[in-house]
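Structural characterization, general
Okay, here's what each chain looks like letter by letter:
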Amino acid sequence: MQDIKDKLAEDVADIEWKDLIPHSQRDAIIVVTPHLDLLDVGAAIANDNTQSVHHWISESLIFKPSAQQLSDWNAQPETKFTTLIVQPFVLVAQSD
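Concerning the side chain of E16
By the element assignment, E16 lies in strand β1 (residues 13-16). Within the structure, the side chain of E16 is placed 3.5 Å from the side chain of K80, a separation counted as a polar contact. Not counting residues up to four positions away in its chain, the partners in contact with E16 are P77, E78, T79 and K80.

A look at the nonpolar core
V32, L36, V41, W56, I62, L84 and L91 are the most contacted members of the largest nonpolar core, which has 18 residues in total. Counting only elements with at least two residues in this core, the list comes to β2 (29-32), α3 (38-46), α4 (50-58), β4 (80-86) and β5 (89-94). If you tally residues by element for this core, the top one is α3, at six residues. When neighbours within four sequence positions are excluded, V41 is seen to be in contact with V32, L36, W56, I62 and L91. Listed in part, the eight residues of the second largest apolar core include L20, I29, W73 and F81.

Quick word on unusual backbone geometry
Look at the link from Q87 to P88: it is a cis peptide, with omega at 5°. Looking at the element boundaries, P88 is found in the loop between β4 and β5. For D48, which is not glycine, the phi dihedral falls at a positive 55°. Structurally, the position occupied by D48 is in the loop between α3 and α4. Given the relative accessible area of 59%, D48 is considered exposed.

A word on the pairing of β5
In terms of strand pairing, β2 meets β5 through three bridges, oriented parallel. In the sheet register, V31 faces β5, and the bridge partner there is V92. Bridging between β4 and β5 involves six bridges; their strand directions are antiparallel. When the sheet's bridge partners are listed, T82 is paired in β5 with A93. In textbook terms, the turn of a hairpin is the stretch between consecutive antiparallel strands, and for β4 and β5 this stretch comprises two residues.

Analysis parameters
Residues numbered from 1 in each chain as written. Predicted model: local features only at pLDDT ≥ 70, side-chain atom pairs only at ≥ 80, totals over all residues. Heavy atoms only, no water. Helix = DSSP H or I, 4+ residues; strand = E, 2+ residues; numbered from the N terminus. Polar contact = N/O pair within 3.5 Å; in protein donor to acceptor, adjacent residues only side chain to side chain. Contact = heavy atoms within 4.5 Å. Core = buried A, V, L, I, M, F, W, Y, C linked by side-chain atoms within 4.5 Å. Buried < 20%, exposed > 50% of the residue type's maximum accessible area, 1.4 Å probe, protein only. Pairing = 2+ DSSP bridges.

Take a look at the structure:
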């Protein structure tokens, strides 16, 4: 698992919302709460660790953005996110 995390770490990037809009339009955005590490979530998805993923979903620690969140981010396209692409998803954590 560490090898996958090391590989994924190379793909972590800080991106503004305006650059994430195309991914949002194809419903590929998954929000990762600050309680979780973006790389841990990415590695679990890449390894098809459904047990962890389902647990995080049930605890609302990862989720699809709400209509209100999308509206807020569209109104402020310069909002920054730390992102990680794990095909076909784009994991996002809002930057401070």
